[in-house]
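Analysis of the macromolecular model
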Amino acid sequence: MVELELMTKKTVPFSSTLLEKAEGLIQTGKIVRIAEDVYYAKSVHDPTRYSMVKKADDLTWTCVCRGFQRRKICSHAIAALMLESAEKARLMGV
Ligand SMILES: [Zn+2]
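Overview of the structure. (Residues numbered from 1 in each chain as written. Predicted model: local features only at pLDDT ≥ 70, side-chain atom pairs only at ≥ 80, totals over all residues.)

Some thoughts on the overall build of the protein
Along the protein, the regular secondary structure elements total 3 helices and 6 strands. Counting every position in the protein, which comprises 94 residues, the buried fraction comes to 23%. (Helix = DSSP H or I, 4+ residues; strand = E, 2+ residues; numbered from the N terminus. Buried ≥ 20, exposed ≤ 12 C-beta atoms within 10 Å, placed from the backbone.)

Description of the sheet that holds strand S4 (residues 38–42)
The strand order across the open sheet formed by 4 strands is S3-S4-S5-S6, and the pairing between neighbours is antiparallel. Since the sheet does not close on itself, it has two edges, and those belong to strand S3 (31–35) and strand S6 (61–63), each with one partner. Between one strand axis and the next, the sheet turns by 25° as a mean value, whatever way the strands run. Taken together, the 5 bridges between S4 and strand S5 (residues 50–55) define a ladder with antiparallel strand orientation. Residue pairing across strands places lysine 42 opposite tyrosine 50, the latter belonging to S5. (Pairing = 2+ DSSP bridges. Axes fitted to C-alpha atoms, helices over the stretch in contact; angles between N-to-C directions.)

Some thoughts on the packing of helix H1 (residues 16–27) against helix H3 (residues 75–91)
Between H1 and H3, the least distance of the axes is 8 Å, while the angle of their chain directions is 60°. Overall, the two elements H1 and H3 adopt an arrangement that is oblique. Note on packing geometry: the crossing formed by H1 with H3 is right-handed. Where H1 abuts H3, its residues Leu18, Leu19, Lys21, Ala22, Leu25 and Ile26 lie against Ser75, His76, Ile78, Ala79, Met82 and Leu83. Partitioning the contact of H1 with H3 into residue classes produces 9 nonpolar, 2 polar and 1 charged. (Parallel < 35°, antiparallel > 145°, perpendicular 65-115°, else oblique. Left-handed = near helix turned anticlockwise from the far one by under 90°. Contact = placed C-beta atoms within 7 Å. Nonpolar A, V, L, I, M, F, W, Y, C, P; charged D, E, K, R; others polar.)

Focus on unusual backbone geometry
Unlike most non-glycine residues, leucine 59 shows phi in positive territory, near 70°. By secondary structure assignment, the location of leucine 59 is in the loop between S5 and S6. For leucine 59, a count of 11 C-beta atoms within 10 Å translates into the label exposed. The residue lysine 72 is not glycine, and still its phi comes out positive at about 65°. Within the secondary structure, lysine 72 is located in the loop between helix H2 (66–71) and H3.

Description of the environment of valine 12
Mapped onto the secondary structure, valine 12 falls in strand S2 (residues 10–14). In this structure valine 12 comes out as partly exposed when scored by C-beta crowding, with 16 C-beta atoms within 10 Å. Separated by 60 residues in the primary sequence, valine 12 and lysine 72 place their C-alpha atoms 7.6 Å from one another.

Let's talk about the nonpolar core
Of all hydrophobic cores here, the largest spans 18 residues; its most connected members are Val53, Ala77, Ile78, Ala79 and Ala80. Breaking this core down by element, the ones donating at least two residues are H1, S4, S6 and H3. With 5 residues, the single largest contributor to this core is H3. Ignoring any residue separated from it by four or fewer positions in sequence, one finds alanine 77 in contact with Val53, Trp61, Cys63 and Phe68. (Core = buried A, V, L, I, M, F, W, Y, C linked by C-beta atoms within 7 Å.)

Here it is, written out as structure tokens:
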């Protein structure tokens, strides 16, 4: 199991399979930022379906997909978080 701190509040455990899925979403361009704290993710299996990941006021990420409702984590949320930290690193010139 891998643990990723969802911003500052909580640590949610998830499988490395989910992490690989998240990396896949990023590599294939299936997740894009559409607003400051909102990411839009296309379904890997069904291009007509999509998910939305948003950063809440308490700085935790939530996703509208069923997987997230069930497990409190999903590949979309992980991908959004990875993109977010990559963006931060870029801004800081790392
Ligand atoms: Zn999701």
